[in-house]
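# Breakdown of the fold
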Amino acid sequence: MRFQATNLKDAWLIHLEPAHDSRGFFARTFCAHEFAAHGLEIHYPQHSVSYSSRVGTLRGMHYQREPHSEVKLVRCLKGAIWDVIIDIRPDSPTYRCWQAFELSDAIGRQLYIPQGFAHGFQTLNNDVVVNYLISEFYVPGAASGIRYDDSSFAIAWPLPVSTISKKDLLWPDFVDRTV
């Protein structure tokens, strides 16, 4: 794996380094020693997967409030997504900044999202599968979010939104607060 810093403090793109042969390839997606060497989370008690059937589907912008804030390691297993993170840590030098990354089954990279970030994505094609490693258990009372179209961030989504949950439509606009 090759670790690449992003423009946002503590967030990383992790590039897989596949070993190819006549059968295809083999690549590590996680190694506790390598993650620890970069000061990254190595404990992921919850693994999740999402499936989105339609291009333009939007999921986000999600996070869990303290004390249940979570690290996520996100990888697109099938199809492609436009993955967006927002740093909502008030004491961070990149507070209120966002960055987007294309993740796909063809590109072979994953996104390390630290605690205190909101996360969401839009599907770039039909039949998309996304895998998550999550450092904390889901706590319904701590679940929160930010509207995907909050004008204070002006996220440049690549496609018109075709499908979005009612819950994601009802998230409030962001106001300065403790995560």
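The model shown is predicted, which means the values in this text are computed figures rather than measured ones.

Reading the values: rules and limits
- Residues numbered from 1 in each chain as written.
- Predicted model: local features only at pLDDT ≥ 70, side-chain atom pairs only at ≥ 80, totals over all residues.
- Heavy atoms only, no water.
- Helix = DSSP H or I, 4+ residues; strand = E, 2+ residues; numbered from the N terminus.
- Rg over C-alpha atoms; globule rule 2.2 N^0.38 Å.
- Buried < 20%, exposed > 50% of the residue type's maximum accessible area, 1.4 Å probe, protein only.
- Contact = heavy atoms within 4.5 Å.
- Areas by Shrake-Rupley, 256 points an atom, 1.4 Å probe, with all protein chains shown as cover.
- Pairing = 2+ DSSP bridges.
- Axes fitted to C-alpha atoms, helices over the stretch in contact; angles between N-to-C directions.
- Phe/Tyr/Trp six-rings, centres within 6.5 Å; stacked < 30°, edge-to-face > 60°.
- Core = buried A, V, L, I, M, F, W, Y, C linked by side-chain atoms within 4.5 Å.

A count of helices and strands for the protein chain gives 2 helices and 14 strands. Radius of gyration (C-alpha) of the protein chain: 16 Å, near the 16 Å computed for a compact globule of 179 residues. By principal-axis analysis of the C-alpha atoms, the protein chain measures approximately 50 × 35 × 30 Å. Considering the protein chain as a whole, with its 179 residues, one finds that 49% of them fall into the buried category. Counting contacts in the protein chain only where the partners sit at least 6 residues apart, residues at least 24 apart contribute 78% of the total. Carbon and sulfur atoms make up 54% of the accessible area of the protein chain, which totals about 8900 Å².

Another aspect to go through is the sheet that holds strand β7 (residues 72-78). Reading across the sheet, the 6 strands line up as β1-β2-β10-β7-β12-β5 and stay open at both edges, with antiparallel pairing between neighbours. Two strands close off the open sheet at either side, each with one partner strand: β1 (2-5) and β5 (46-52). The sheet shows a mean angle of 25 degrees between the axes of neighbouring strands, taken without regard to direction. Where β1 and strand β2 (residues 12-15) come together, 4 bridges link them in antiparallel fashion. Across the sheet, F3 pairs through a bridge with I14, a residue of β2.

On to the packing of aromatic side chains, then. This model, assessed by the stated rule, comprises 7 aromatic pairs. On the basis of an interplanar angle of 80 degrees and a centroid distance of 5.4 Å, the ring pair of F3 and F35 is categorised as edge-to-face. A residue pair is termed long-range when its members are at least 10 positions apart, and F3 in strand β1 and F35 in helix α1 (residues 32-37) qualify at 32 residues. A relative accessible area of 13% means that F3 is categorised as buried. Owing to a relative accessible area of 0%, F35 belongs among the buried residues under this scheme.

Core analysis: the largest hydrophobic core is formed by 17 residues, its most contacted members being I81, I85, L103, L111 and V130. Taken together, the elements giving at least two residues each to this core come down to β7, β8 (80-87), β9 (98-104), β10 (109-113), β11 (117-123) and β12 (128-134). Broken down by element, the residue count for this core peaks at 4 residues, all from β12. With 16 residues, the next largest nonpolar core counts L58, A118, F153 and I155 among its residues.

Interpretation note: all reported values are geometric properties and have no functional meaning in isolation.
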